[in-house]
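One letter stands for each residue in the lines below.
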Amino acid sequence: MSKYSKEDIIRLVREGDVEFIRMQFTDIFGQLKNVAITASQIEKAVNNQIMIDGSSIEGFVRIHESDQYLYPDLDSFTVLPWRPQHGKVARLICDVYNPDGTPFVGDPRGVLKRVLKKAADMGYSFNVGPECEFFLFQTDEAGNPTTTTSDEAGYFDLGPLDHGESTRREICLALEQMGFEIEASHHEVAQGQHEIDFKYAEALTAADNIMTFKLAVKTLAQKNGLHATFMPKPVFGINGSGMHTNMSLFKDGKNVFFDPDDSRKLSKEAYAFIAGLLKHVCGMAAITNPLVNSYKRLVPGYEAPCYLAWSASNRSALIRIPAARGQATRVELRCPDPTCNPYLALAVCLAAGLDGIEKGMTPPDEITENIFAMDEATRDAKGIKSLPGSLKAAVDALKADELICEALGDHVVSHYTEGKYAEWDAYRTHVSNWEISKYLITY
């Protein structure tokens, strides 16, 4: 049931001293876009009459088919608390539609909606709780970001060691004003690294929340003279940033992953969902870990999971089942990083899990030992394979996975893979500082 009607939005704008409304949408590479309108245009906005030039958005449409329309999700209306409180700025998250009134197949939000409809047709709703990590770095005299933190804190430390604590607190308060329920915030393992966890939500809302979260973090860090980055591995030799993704399926108000009679209290649907994730996770990697830099996080030794295994307790496994049971039973996929497009990432996770359920898949045996401590021969003996080792390998795996390609749709797959191959080629042909220092004098 909707929270707001068109009339509600018009009234909130006119009575709430709102002067600008940001009509937000996301491109296929996860970049937040917006068209700003004045309050005088709000009636046009709620009646789906705000147009964009889709040919200017990467991965959208060609120049001769450029006109597209923004259909706002009225329940996403909120005032941005970091903007002026006189002449306020609000936002509406939008779906992208074609001029003929059909959903645009390249809209990432629409991709997730299509997979959610499949889940609904099977009787399921899909809940997601993300754990978003990020770094706070200092800026130089010109305001450009550095990789310096002036932060000596470690895991769960607090001030005065944690120099980002006040910014993290400000972010939490701003998000709560926007309707988030913040469950925890703390310093992470690496210097300058932070995590803020917000309550799980239905998947579409969760993806919207991730985009809002990233905007709030970057905006408030900049306001405080810091630079926030969600780059997976900004500093060599320390932990990178992940976005552990906790997932559960509900039917008739009950968590279908819970079975009180099973030895691990997990249902056959939970095991099948895990098996589906493991079957397709290599094909998903280019979506969940979309950058060249993503694969510098996914290496042994820094707590990032790179081996295809699951466990009810073992944090070295790719998929972990947190201890909570009952309505809180969930599957945690630990490989995604926060640079992913959350709409596409949650769509492929759900599609993979549903494939496991539909086909009655069974996961391999649980791995309870520390996989990072195993040698290659031991991993081979246990059948433990690895995630793709590079963006190029991940994109190749995506193109080879029919289910993941079907979930994303031809338009997204063709534009996404084209963009990622170009990114890989730009990286592959670039001469890095490491190469100069390694080879210039020696050879």
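With that settled, the discussion passes to the side chain of Glu 366. Following the sequence through the fold, Glu 366 ends up in the loop between α8 (342–358) and α9 (376–381). A polar contact is formed between the side chain of Glu 366 and the side chain of Ser 311, at a distance of 3.3 Å. In this structure the side chain of Glu 366 is engaged in a polar contact, spanning 2.9 Å, whose partner is the backbone nitrogen of Ala 312. Sequence-distant contacts of Glu 366, that is, excluding residues within four places in its chain, are made with Arg 264, Trp 310, Ser 311, Ala 312 and Ser 313.

Looking at the secondary structure, you find Gly 129 in strand β7 (residues 125–138). A sequence separation of 294 residues divides Gly 129 from Glu 423, and the C-alpha atoms of the two residues are 30 Å apart. Setting aside chain neighbours within four positions, we find Gly 129 in contact with Tyr 200, His 244, Thr 245 and Asn 246.

A word on the nonpolar core. Formed by 106 residues in total, the largest nonpolar core has its most connected members in Phe 126, Phe 213, Leu 249, Ile 319 and Leu 408. Apart from the residues within four sequence positions on either side, Phe 213 is in contact with Cys 132, Phe 134, Leu 175, Phe 180, Ile 196, Phe 198 and Phe 230. In this structure, Val 18, Ile 42, Leu 74 and Val 96 belong to the second largest nonpolar core, which totals 21 residues.

Here we take up the environment of Ile 93. The topology assignment puts Ile 93 in strand β6 (residues 88–97). With 20 residues separating them in the primary sequence, Ile 93 and Asp 73 have C-alpha atoms 5.7 Å apart.

Moving on to the packing of aromatic side chains. A full pass over the atoms with the stated rule returns 16 aromatic pairs. Considering the side-chain rings of Phe 198 and Phe 213, the 5.5 Å spacing of their centres and the 45 degrees angle between planes classify their relative orientation as tilted. One end of the pair, Phe 198, is in strand β9 (residues 193–198); the other, Phe 213, is in helix α5 (residues 203–223), with 15 residues separating them in the sequence. For Phe 198, a relative accessible area of 3% translates into the label buried. With 5.9 Å between their ring centres and 75 degrees between their planes, Tyr 271 and Trp 310 make a pair best called edge-to-face. Taken together, the residues Tyr 271 in helix α6 (residues 268–288) and Trp 310 in strand β14 (residues 310–311) connect sequence positions 39 residues apart.

The next subject is helix α12 (residues 410–429). Taking 1.5 Å of rise per residue, 20 residues should cover 28 Å, and α12 covers 28 Å from first to last C-alpha, within 8% of that figure. Along α12, the positions that sit buried rather than exposed are His 411, Val 412, Val 413, Tyr 416, Thr 417, Lys 420 and Trp 424.

What follows covers the packing of α5 against α8. It is the contact of α5 with α8, at a shortest axis distance of 9 Å, that shows an interaxial angle of 145 degrees. Between α5 and α8 lies a crossing of right-handed hand. Here α5 contributes Ala 203, Leu 204, Ala 206, Ala 207, Asp 208, Ile 210 and Met 211 to the contact with α8, which in turn contributes Pro 342, Tyr 343 and Leu 346. The residue makeup of the contact of α5 with α8, split by class, is 9 nonpolar, no polar and 1 charged.

About the thresholds
Residues numbered from 1 in each chain as written. Predicted model: local features only at pLDDT ≥ 70, side-chain atom pairs only at ≥ 80, totals over all residues. Heavy atoms only, no water. Helix = DSSP H or I, 4+ residues; strand = E, 2+ residues; numbered from the N terminus. Polar contact = N/O pair within 3.5 Å; in protein donor to acceptor, adjacent residues only side chain to side chain. Contact = heavy atoms within 4.5 Å. Core = buried A, V, L, I, M, F, W, Y, C linked by side-chain atoms within 4.5 Å. Buried < 20%, exposed > 50% of the residue type's maximum accessible area, 1.4 Å probe, protein only. Phe/Tyr/Trp six-rings, centres within 6.5 Å; stacked < 30°, edge-to-face > 60°. Expected span 1.5 Å × (residues − 1). Axes fitted to C-alpha atoms, helices over the stretch in contact; angles between N-to-C directions. Left-handed = near helix turned anticlockwise from the far one by under 90°. Nonpolar A, V, L, I, M, F, W, Y, C, P; charged D, E, K, R; others polar.

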